[in-house]
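# Close look at the chain arrangement
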Amino acid sequence: MVAGIIGATGYAGAELTRLLSGHPKTDRLILSSVSFEGEKIENIYPNFLGRISLPLLKAEDVIAGSDVVFSALPHAVGEPFALSCMEKKIHFIDLSADFRFDDDEDTYNAWYGKNYRFPDLHKKSIYGLPEMNRQMIKDEASKGSVIIGNPGCYPTGATLGILPVMSSSVYDSSYPIIVDSVSGTSGGGREPSRSFHYSECADSVAPYKVASHRHSPEISRNIAVISKRNGTESPKVIFTPHLAPMNRGILSTIYIPLSQNCRVTPDKIEEKTNEFQKLYEDFYKDEPFVRVLPKGVYAATNRVRQSNYCDICVQIDINGTTLIVATAIDNMVKGAAGQAIQNMNILFGFDETLGLNAIPMLF
């Protein structure tokens with residue numbers, strides 16, 4: 001199989017290059033970059049020296065020679081390439097936000113300030129969170145070429161932390177779910193900006209884009225979709241991102257208000273926590289990349305580094321009224337490139353874990 005990457009020199013594109021180069025079903029990679037066209041990828045990322053020496057071509061060359069195309073381009077750029085792939089019957093996996101909202105152009109326009117160039121394309125796209133839409137991805141792939149809107153990094157960790165309770169009546173939808181997330185600096189991309197300079201972000205943790213982050217509507221949309229499927233009322237979501245002085249990782253702490261019948265007195269907190277522990281373990285028991293941690297073990301970003309895992313821990317608060325869920329992912333792997341490859345594996349009927357079996361790098 002030949003895999004193509006458009007936008008190979010951004011962080012997500014480089015991570016795709018690294019991971020796909022070791023994928024057992026990838027015979028060849030074809031790479032493109034507008035910024036560095038004509039150069040070799042190893043000159044941009046010296047960690048590839050001696051291992052990956054590929055020229056950076058035009059996007060059209062990538063599409064012409066690939067069986068699957070990954071787009072790691074900025075928002076509002078990839079639609080023409082998606083159209084070209086559909087015309088050539090090639091699967092297209094997009095890591096921007098362009099295909100994350102299906103045909104909901106109003107939401108996309110409100111948060112990204114752009115309109116869809118090819119609205120009909122968005123009726124064919126699938127939101128690519130496997131734990132949420134795996135069967136839909138399989139079904140559409142059986143019919144022909146598919147566009148996958150790869151999820152954002154924050155929505156991945158947040159949604160996986162909330163999904164199990166959406167299938168039950170344990171939450172109180174009259175109160176919002178609160179998601180506080182902390183991300184490493186690679187989430188801001190490769191282009192330099194003042195807020196990501198070492199002297200600005202080292203030795204400090206701070207919120208940013210409070211009540212205005214573009215991943216807010218994506219998280220809310222996911223919860224609304226699952227609620228609709230389950231016939232339950234969708235709660236509101238309050239999301240606040242924070243920047244931490246680390247390269248990789250996202251830790252999300254999620255506060256889910258419990259319904260009246262699930263609230264407990266302090267003496268019953270341990271028993272109720274055990275019930276939620278089992279709920280999460282049962283919900284994710286067949287998921288290869290979601291690890292529900294043993295009771296008393298808390299999610300941490302260093303334990304998922306350079307892996308496609310999402311670690312989850314659960315606990316009832318001391319008042320017995322709120323479920324506290326913490327999730328940890330590597331924002332460049334499960335939050336971007338790894339999840340895209342997981343989607344590729346599903347599209348082609350491969351074992352879902354192929355190319356993604358690395359043990360997390362703790363240190």
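Figured I'd write up the structure that's included with this text. (Residues numbered from 1 in each chain as written. Predicted model: local features only at pLDDT ≥ 70, side-chain atom pairs only at ≥ 80, totals over all residues. Heavy atoms only, no water.)

Now for the overall build of the protein. On a plain count of helices and strands, the protein comes out with 11 helices and 14 strands. Here the protein has a C-alpha radius of gyration of 20 Å; the compact-globule value for 363 residues is 21 Å, and the two agree. Structurally, the protein occupies a C-alpha span of about 65 × 45 × 40 Å along its principal axes. A burial count over the protein gives 54% of its 363 residues as buried. For the protein, restricting intrachain contacts to residue pairs at least 6 apart in sequence, the fraction spanning at least 24 positions comes to 72%. Put simply, the protein shows about 16,000 Å² of open surface, and 51% of that area lies on carbon and sulfur atoms. Looking at charge distribution, the protein has the averaged site of its 35 positive side-chain charges lying 2 Å from that of its 41 negative ones. (Helix = DSSP H or I, 4+ residues; strand = E, 2+ residues; numbered from the N terminus. Rg over C-alpha atoms; globule rule 2.2 N^0.38 Å. Buried < 20%, exposed > 50% of the residue type's maximum accessible area, 1.4 Å probe, protein only. Contact = heavy atoms within 4.5 Å. Areas by Shrake-Rupley, 256 points an atom, 1.4 Å probe, with all protein chains shown as cover. Lys, Arg positive; Asp, Glu negative; His and termini not counted. Charge placed at Lys NZ, Arg CZ, Asp CG, Glu CD.)

Nonpolar side chains collect at one region of the surface, where Ile178, Ile238 and Tyr255 lie side by side and expose about 230 Å² of accessible area between them. In this fold, Ile178 is placed in strand 8 (residues 177-183). Here Ile178 falls in the partly exposed class, since its relative accessible area comes to 33%. (Patch = residues over 30% accessible without salt bridge, like charges linked within 9 Å, V, L, I, M, F, W, Y side chains within 5 Å. Salt bridge = Lys/Arg side-chain N within 4 Å of Asp/Glu carboxyl O.)

Let us look at the pairing of strand 13 (residues 310-316). Most of strand 13 sits inside the fold, with six of its seven residues counted as buried. Alignment of strand 13 against strand 14 (residues 322-329), held across seven bridges, turns out to be antiparallel. The partner of Cys313 across the bridge, within strand 14, is Ala326. Hairpin connection from strand 13 to strand 14: five residues lie between these consecutive antiparallel strands, with Gly320 at a positive phi of about 75 degrees. (Pairing = 2+ DSSP bridges.)

Now for the nonpolar core. With 39 residues, the main nonpolar core has Ile162, Val165, Ile256, Tyr280 and Leu323 as its most contacted residues. The element that contributes the greatest number of residues to this core is helix 7 (residues 153-166), accounting for eight residues. Once residues lying within four places of it in the same chain are set aside, the contact partners of Tyr280 are Gly161, Ile162, Pro164, Val165, Ile256, Val292, Ile312, Val314, Leu323 and Val325. Counting residues in each nonpolar core, the second largest holds 38 residues, with Leu19, Leu29, Val146 and Leu347 among its members. (Core = buried A, V, L, I, M, F, W, Y, C linked by side-chain atoms within 4.5 Å.)

A word on unusual backbone geometry. Even without glycine at this site, Asp102 takes up a positive phi of about 55 degrees. Relative to the assigned elements, Asp102 resides in the loop between strand 5 (91-94) and helix 5 (105-112). The class of Asp102 is partly exposed, set by a relative accessible area of 23%. Backbone geometry places Ala211, a non-glycine residue, at a positive phi of 60 degrees. As for its placement among the helices and strands, Ala211 is situated in the loop between strand 9 (206-207) and helix 9 (215-230).

Across all of its chains, the model carries 18 salt bridges by this definition. Linking Arg221 and Asp102 is a salt bridge whose minimum nitrogen-to-oxygen distance equals 2.5 Å. Of the two residues, Arg221 sits in helix 9 while Asp102 sits in the loop between strand 5 and helix 5, which places them 119 residues apart along the sequence. The buried category is assigned to Arg221, whose relative accessible area is 15%. In this structure, Lys285 and Asp286 form a salt bridge, with 3.3 Å as the shortest nitrogen-oxygen distance. A residue is classified by how much of its surface remains accessible, and Lys285, at 57% relative accessible area, is exposed. Each of Glu15, Arg18, Arg248 and Asp330 takes part in one network of salt bridges that share partners.

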